[in-house]
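# Descriptive structure summary
Each chain, letter by letter, is given below.
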Amino acid sequence: MTKKSKFTDDLCFIVQARLGSTRLPNKMMLPFFKKQSILEIVLEKLKKNFPTIQIILATSISEENDLLERVAKMHGCDVYRGSEDKVIERFIDAAVYFKHTNIIRVCADNPFLDVQEIKRLIDYLQKNNNNDYVSYTVNGIPSIKTHFGFWVEFVRLNALQKTVKMTEEKFYFEHVTNFIYENPSFFSIHFLEVDSKLNECSNIRMTVDTKEDFELLRNIYENLYLDYNNTFGINEIINFFSEKEWIKKKMIQQIEQNTK
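To keep things clear, this report deals only with the structure shown in the data block.

Quick notes on the rules
- Residues numbered from 1 in each chain as written.
- Predicted model: local features only at pLDDT ≥ 70, side-chain atom pairs only at ≥ 80, totals over all residues.
- Heavy atoms only, no water.
- Helix = DSSP H or I, 4+ residues; strand = E, 2+ residues; numbered from the N terminus.
- Buried < 20%, exposed > 50% of the residue type's maximum accessible area, 1.4 Å probe, protein only.
- Contact = heavy atoms within 4.5 Å.
- Areas by Shrake-Rupley, 256 points an atom, 1.4 Å probe, with all protein chains shown as cover.
- Lys, Arg positive; Asp, Glu negative; His and termini not counted.
- Charge placed at Lys NZ, Arg CZ, Asp CG, Glu CD.
- Core = buried A, V, L, I, M, F, W, Y, C linked by side-chain atoms within 4.5 Å.
- Axes fitted to C-alpha atoms, helices over the stretch in contact; angles between N-to-C directions.
- Parallel < 35°, antiparallel > 145°, perpendicular 65-115°, else oblique.
- Left-handed = near helix turned anticlockwise from the far one by under 90°.
- Nonpolar A, V, L, I, M, F, W, Y, C, P; charged D, E, K, R; others polar.

## Structural notes on the overall build of the protein
From N to C terminus, the protein includes eleven helices and eight strands. The 260 residues of the protein split such that 57% are buried. Residue pairs at least 24 apart in sequence account for 70% of intrachain contacts in the protein once pairs closer than 6 positions are excluded. With the model as given, the accessible surface of the protein reaches about 12,400 Å², and the carbon-plus-sulfur share is 47%. The distance from the centre of the 35 positive side-chain charges to the centre of the 36 negative ones in the protein is 3 Å.

Next comes the structure, spelled out in structure tokens:
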């Protein structure tokens, strides 16, 4: 459990989600495990492990996302509706509306988020409260640009506000933090090192983009749940893959087809 502190008082999770995926429509609400959707799994994981931190679902004003709003509120989470395409503005407006200046960004298509890694990030932030952006790095690459799907990222509201003043490129308005970590001379940035074993695991893809991803990861989630009683993280997933060569081969195919 994360204890309240002056820093966490002003910290929130903003969960990014919408139903308008072109590669897998409605992926956020498809039954993934025990009739729960990926969004519900992510929200419950955050609520259970970080009960003192406000959780905000940031989705667009598009009518199709009304369902996401209902689900989030059913799970006791707050909701902000904003721009469909200018996602960075949606994050800024959500943080301002709920009066937060410290944000942990969560991508809702990552059901395998590692809770211990989120706790490690928060512990770092409580001791080092001067960075504009904090995330993780794998083989020198920001974790958000990988296909692992284990991590979140921290960003300050004023860094996002600074971004929209410094660029008008559509890409940076769609991808919330790219401008920040691509311009380290303008921002205070820190990357946490991940387990060195992951530097040799480029064939693991745990984020959901396609129908093939969904079906494969649903199977993996069920197996991990049975093996570890819903307490699995990165180490357990690595061990799982070391014993399941046939799954690894299918995953490699998906990585080749969906590399960012």
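Moving on, there is more to tell.
## What about the nonpolar core?
Judged by nonpolar contacts, the single largest core of 66 residues is most densely connected at Phe13, Leu39, Phe112, Phe150, Met206 and Ile220. No other element matches helix α9 (residues 211-228), which puts seven residues into this core. Setting aside its immediate chain neighbours within four residues, Phe112 contacts Phe32, Lys45, Gly149, Phe150, Met206, Leu217, Ile220, Tyr221, Leu224, Phe232 and Ile237. Counting 27 residues, the second-largest nonpolar core is a separate cluster that includes Ile88, Tyr133, Leu160 and Ile180.

## Brief notes about the packing of α9 against helix α10 (residues 234-242)
Viewed as axis vectors pointing N to C, α9 and α10 meet at an angle of 110°, and their least axial separation amounts to 11 Å. What the angle tells us is that α9 and α10 run roughly perpendicular. Judged by the sense of rotation from one axis to the other, the crossing of α9 with α10 is right-handed. On α10, the residues touching Ile220, Asn223, Leu224, Asp227 and Tyr228 of α9 are Glu236, Ile237, Asn239, Phe240 and Phe241. Residues belonging to the contact of α9 with α10 are distributed by class as follows: six nonpolar, two polar and two charged.

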